[in-house]
Amino acid sequence: MRRGEVWRYEVQTHNWLTGLVSAQSVLDQEARRVLYGVRVSTDNPIDVLAVEVTIDGRTCWLNMGDGLEKLRRGCLTERIDALDAATMETVGMRFRAAMDL
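Now for a look at the structure at hand. (Residues numbered from 1 in each chain as written. Predicted model: local features only at pLDDT ≥ 70, side-chain atom pairs only at ≥ 80, totals over all residues. Heavy atoms only, no water.)

Turning our attention to unusual backbone geometry. A negative phi holds for most residues other than glycine; trans holds for most peptide bonds. Located in the positive-phi region is Ile-46, a residue other than glycine, with phi close to 50°. Relative to the elements of secondary structure, Ile-46 occurs in the loop between β3 (34-41) and β4 (50-55). For Ile-46, a relative accessible area of 78% puts it in the exposed group. You will see that Asp-56, though not glycine, has its phi angle at about 55°, which is positive. The residue Asp-56 is located in the loop between β4 and β5 (58-63) in this model. (Helix = DSSP H or I, 4+ residues; strand = E, 2+ residues; numbered from the N terminus. Buried < 20%, exposed > 50% of the residue type's maximum accessible area, 1.4 Å probe, protein only.)

This is the structure in structure tokens:
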């Protein structure tokens, strides 16, 4: 499991895609059950905090304006794709902008 990967997240009968944004050192601790991600949207949120990405050949968005999701490691069921380093840097910049850091 790597920072920037996009996974299918399944809870009961619901599932969606999420991009992992936890630090790699957190992801490497398999005993850590809670991770952080940003939900993938197929609808353009038209938000300054959104980042356009291509996932599995489709245009999607990660919207930091919707906030972080707490994810249970055991509910991440399928690795779908991975975001490149430049995209993850943009994600980080948008988070810093949202929090005025």
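Now that the structure has been shown, the text picks up again.
Taken as a whole, this structure holds four salt bridges when the rule is applied. Across the salt bridge formed by Glu-78 and Arg-8, the nearest N and O atoms sit 3.3 Å from each other. Of this pair, Glu-78 sits in strand β7 (residues 76-82) while Arg-8 sits in strand β1 (residues 5-11), placing them 70 residues apart in sequence. We classify Arg-8 as partly exposed; its relative accessible area is 25%. In this structure, the salt-bridge partner of Glu-69 is Arg-39, at a minimum N-O distance of 2.9 Å. Here the residue Glu-69 occupies a position in strand β6 (residues 69-72), and Arg-39 occupies one in strand β3, the gap between them amounting to 30 residues. A relative accessible area of 13% places Glu-69 in the buried class. (Salt bridge = Lys/Arg side-chain N within 4 Å of Asp/Glu carboxyl O.)

Once that is clear, we can look at the side chain of Glu-69. For Glu-69, the side chain forms a polar contact with the side chain of Arg-39, separated by 2.9 Å. With near-sequence residues (within four places) excluded, Glu-69 lies in contact with Trp-16, Thr-18, Leu-35, Tyr-36, Gly-37, Val-38 and Arg-39. (Polar contact = N/O pair within 3.5 Å; in protein donor to acceptor, adjacent residues only side chain to side chain. Contact = heavy atoms within 4.5 Å.)

The final tally for this structure, using the stated rule, is one aromatic pair. Between Tyr-9 and Trp-16, the aromatic rings sit 5.2 Å apart at their centres with planes inclined by 50°, giving tilted as the arrangement. The same class applies to Tyr-9 as to Trp-16, namely buried. (Phe/Tyr/Trp six-rings, centres within 6.5 Å; stacked < 30°, edge-to-face > 60°.)

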